[in-house]
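# Structural overview
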Amino acid sequence: MIQERNFTNMPKRNKGNRIWNSEGGAGREGKYYYEHDDRGGDIIRRVSFKPGSNRIGKHRTRDLDMAIRAHVEDDDVDMAAPGSSARLSGRFNPYSGRARSGGFVGGGGAGGRSSNGRRRSGRNSPPITTQFTRKKFPEHSASWYKVTLPHGGKYSKEYILKTLLANVAPIVFIPLAYEVRGSESSFYVDDSYAAEKLASIDRRITTTKGFKLLVKVKPGIPRVELDSELKEKIKGAMVKRYNANLKALDLSRFHTDQDLVDNYAVALFRPNMMIAVLNIIVDNIPELAALDLSNNKLYSVENLSVLSHKIPNLKVLHIGKNRIRNMHQLDCLEGLRLEELVLDGNPLCDKYQDQTVYVSEVRKRFPKVLKLDGVELAPPILFDVNEDFQMPTNKRNFFCAEGGMSVARQFLEQYYQIYDSDDRQPLINAYHNDALFSITSTYPPGQSSTTNSKLANYISDSRNLLRVKDNIRRQRLLYQGKMSVITCLTKLPKTQHDPLSFAVDLSVCTPQLMMLTVSGVFLEPSPTRNQALRSFNRVFVIVPFGEGFCIVNEELFVTNATDEQTKAAFKTPPVVMSPPTPAPTPVPVAVAGSPHGALIDDNTKQQMVEAFAAQSGMNLSWTKKCLDETNWDFNHATYVFTQLKEQGKVPAEAFIK
């Protein structure tokens with residue numbers, strides 16, 4: 001506390017600047033010192049009043065103000081901690097008639113300062129007031145702060161930390177990466193409020209040596225080199241935090257772990273630190289079921305996306321009390337099959353006032369979550385299969401009945417042989433007298449009529465119900481009767497289909513009706529411009545008629561081929577086959593359940609042998625053998641030959657002619 005001093009008893013200096021006590025002897029070291037700290041040598045301040053100083057003017061006021069401040073700041077030793085009864089505001093001030101709570105109060109004489117810091121002169125100037133204010137530290141992405149004590153290295157770590165904790169009580173902080181360099185010591189804290197309190201006690205603590213303790217605080221993140229030694233330290237800390245029985249790993253506030261806090265500051269919001277921890281998890285505990293990353297100041301979870309395919313059994317994830325600001329930041333974790341999730345304490349939670357909307361947004365990304373932020377949720381309504389159930393293998397073609405396979409294949413062979421010929425009139429025998437036919441066509445996403453591959457020939461007859469609003473035009477675009485159907489097919493561009501691109505589905509097969517869907521690609525041959533490659537999908541409804549079958553309903557969809565279809569189209573040169581002589585009966589002559597080869601006459605077989613020999617390059621003997629072993633299925637024989645040739649299983653004698 002500031003005490004009234006007797007200036008007549010001040011120690012006197014001789015010419016050699018030695019201090020003598022009242023008894024004439026040299027003063028013992030420190031007996032008459034009035035030191036601020038130990039940064040310099042023996043500094044003695046003398047206060048004297050010169051004769052003729054009773055008249056106080058502008059310059060005299062400034063000198064008085066500076067003298068008062070020097071006396072208060074440098075000579076006073078406050079032995080009480082902040083918050084005690086011995087506060088600065090309660091000190092006796094010999095230069096003022098009263099004291100104000102909250103700061104030093106100067107006298108009513110001239111030379112005081114106004115509240116805005118400007119100096120005023122005159123006898124009626126307001127009193128001098130100095131306020132102690134706490135330094136504010138705004139929140140930022142990391143909110144780490146470096147605390148530096150310029151002379152803290154002269155004291156033990158235990159003493160410094162114990163003293164600081166006592167003076168910021170009841171606030172508790174964890175000193176991270178404590179370091180001593182010469183006379184300076186420093187550490188880090190991860191709490192902005194604790195940083196403010198530490199900054200507020202700068203020069204307000206008197207050490208055991210009688211010096212003021214300087215405490216400097218500023219935002220900062222410790223620099224840590226991620227070397228092999230630190231990785232081993234991290235792994236050791238993770239081992240202690242792993243529960244093998246529950247297969248759970250607790251990494252909450254990982255930077256405060258006792259094995260890491262003294263010499264390291266492992267902040268998981270740093271990408272390199274998080275990646276190192278995730279690599280340890282993937283390499284050592286791939287069976288992990290629960291992971292807690294709460295309170296790590298994470299502002300991004302992008303690096304956690306590796307968990308979806310590296311840690312498939314992860315069901316519980318706690319990432320609460322971090323800095324995640326937007327729900328869309330969790331999109332990278334959608335592959336996780338989470339059943340329990342904690343997000344509470346992140347800024348993103350404050351954006352949802354409606355709990356229902358919040359739960360809905362979470363379940364868009366994690367549909368199987370049953371517990372959110374510690375609250376049990378109602379079971380979600382999902383159309384899901386048992387994860388242990390083995391789905392059937394993917395097949396290029398689907399036939400609901402084996403008996404209809406041969407009928408479908410023969411029908412498609414005969415139909416497209418005529419359709420790709422120069423004359424489509426013979427197809428009239430393939431349609432029922434009251435058959436219905438319609439076309440739908442549109443451009444793929446990103447394309448339009450300005451592209452080189454225009455679909456004008458198909459769009460003009462397109463019966464797209466979302467675009468054709470006029471009922472009269474809708475009826476006109478529905479072709480009825482086989483003559484009307486053939487007329488429409490005849491005016492369509494010439495085509496050349498790729499049989500190897502066909503995908504066939506026989507979804508309905510009964511003695512009374514068959515529904516056949518075929519998709520693939522075809523070219524539009526043109527001598528004047530580039531050949532356009534189209535993608536198509538065709539649905540046939542077939543019924544028995546006479547000795548075979550005929551079409552009663554057909555839908556044709558045409559668009560431009562995709563890039564993938566373009567790359568795969570016509571890998572094997574297509575075969576142009578002469579159409580068989582049309583018969584007055586319907587083209588499909590197959591009967592359900594009959595062997596395929598038994599339904600083809602010798603003349604047709606000979607044509608197939610010659611065509612397949614020209615395509616494959618094999619001699620007639622091996623060509624006939626290949627077709628015979630595939631039950632005279634031209635498409636299937638072509639596919640089998642291509643596969644065997646790629647595998648090098650076709651013998652060399654097959655090509656000897």
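Rules used throughout
Residues numbered from 1 in each chain as written. Predicted model: local features only at pLDDT ≥ 70, side-chain atom pairs only at ≥ 80, totals over all residues. Heavy atoms only, no water. Helix = DSSP H or I, 4+ residues; strand = E, 2+ residues; numbered from the N terminus. Buried < 20%, exposed > 50% of the residue type's maximum accessible area, 1.4 Å probe, protein only. Contact = heavy atoms within 4.5 Å. Pairing = 2+ DSSP bridges. Axes fitted to C-alpha atoms, helices over the stretch in contact; angles between N-to-C directions. Expected span 1.5 Å × (residues − 1). Arc of directions from axis to C-beta. Core = buried A, V, L, I, M, F, W, Y, C linked by side-chain atoms within 4.5 Å. Parallel < 35°, antiparallel > 145°, perpendicular 65-115°, else oblique. Left-handed = near helix turned anticlockwise from the far one by under 90°. Nonpolar A, V, L, I, M, F, W, Y, C, P; charged D, E, K, R; others polar. Lys, Arg positive; Asp, Glu negative; His and termini not counted. Salt bridge = Lys/Arg side-chain N within 4 Å of Asp/Glu carboxyl O.

## A short note on the overall build of the protein
From N to C terminus, the protein includes 16 helices and 23 strands. Classification of the 657 residues of the protein by burial places 41% in the buried group. In the protein, the share of contacts with a sequence separation of at least 24, taken over all contacts with a separation of at least 6, comes to 65%.

## Quick word on the sheet that holds strand β7 (residues 184-189)
In space, the four strands of this open sheet follow the order β6-β7-β5-β8, with antiparallel pairing throughout. Edge positions in the sheet fall to β6 (176-181) and β8 (216-219), since each has one partner strand and no second. Taking the axes of each pair of neighbouring strands and ignoring which way they run, one obtains an average angle of 20° across the sheet. Judged from the four bridges that link them, strand β5 (residues 145-149) and β8 form a sheet pairing that is antiparallel. Bridging from a neighbouring strand, Tyr145 pairs with Pro219 of β8.

## Details of helix α2 (residues 157-168)
In a regular helix each residue adds 1.5 Å, so 12 residues correspond to 16 Å; α2 covers 17 Å between its end C-alpha atoms and thus fits that length. If you check which residues of α2 are buried, you get Ile160, Leu161, Thr163, Leu164, Asn167 and Val168. Buried residues of α2, viewed axially, fall in a sector of 165°; they line one side. Looking at α2, the residues exposed on the side facing more than 90 degrees away from the buried face are Glu158, Lys162 and Ala166.

## Quick word on the nonpolar core
Grouped together as the largest cluster of nonpolar side chains are 56 residues, with contacts concentrated most on Phe254, Leu268, Ile281, Leu291, Ile319, Leu341 and Leu343. If you list the elements that add at least two residues to this core, you get β6, α4 (228-241), α5 (258-261), α6 (271-284) and α8 (355-365). A per-element tally of this core places α6 first, with seven residues. Those residues in contact with Leu341 that sit more than four places away from it in its chain are Leu317, Ile319, Val362, Phe366, Val369, Lys371, Leu372 and Asp373. Counting residues in each nonpolar core, the second largest holds 39 residues, with Tyr419, Tyr431, Phe437 and Leu489 among its members.

## Examining the packing of helix α14 (residues 602-616) against helix α16 (residues 634-646)
In the contact formed by α14 and α16, the axes pass within 12 Å of each other and the chain directions differ by 25°. One element, α14, and the other, α16, form an angle in the roughly parallel class. Crossing of α14 against α16: the hand is right-handed. Note on element contacts: α16 touches α14 through Phe634, Ala637, Thr638 and Phe641, opposite Met608, Ala611, Phe612, Gln615 and Ser616. Tallied by class, the residues present in the contact of α14 with α16 amount to six nonpolar, three polar and no charged.

## Here we look at the packing of α14 against helix α15 (residues 620-629)
At a minimum axis distance of 9 Å, the contact between α14 and α15 shows a crossing angle of 110°. Compared by their axis directions, α14 and α15 come out roughly perpendicular. In this structure, α14 crosses over α15, and the sense of that crossing is right-handed. Residues Met608, Val609, Phe612, Ala613 and Ser616 of α14 touch α15, and the partners they reach there are Leu620, Thr623, Lys624, Cys626 and Leu627. A class-by-class count of the residues in the contact of α14 with α15 yields seven nonpolar, two polar and one charged.

## Observations concerning the side chain of Arg363
Looking at the element boundaries, Arg363 is found in helix α8. Notably, Arg363 is buried but unbridged: the nearest opposite-charge side chain belongs to Glu376, and the N-O separation is 8.4 Å.

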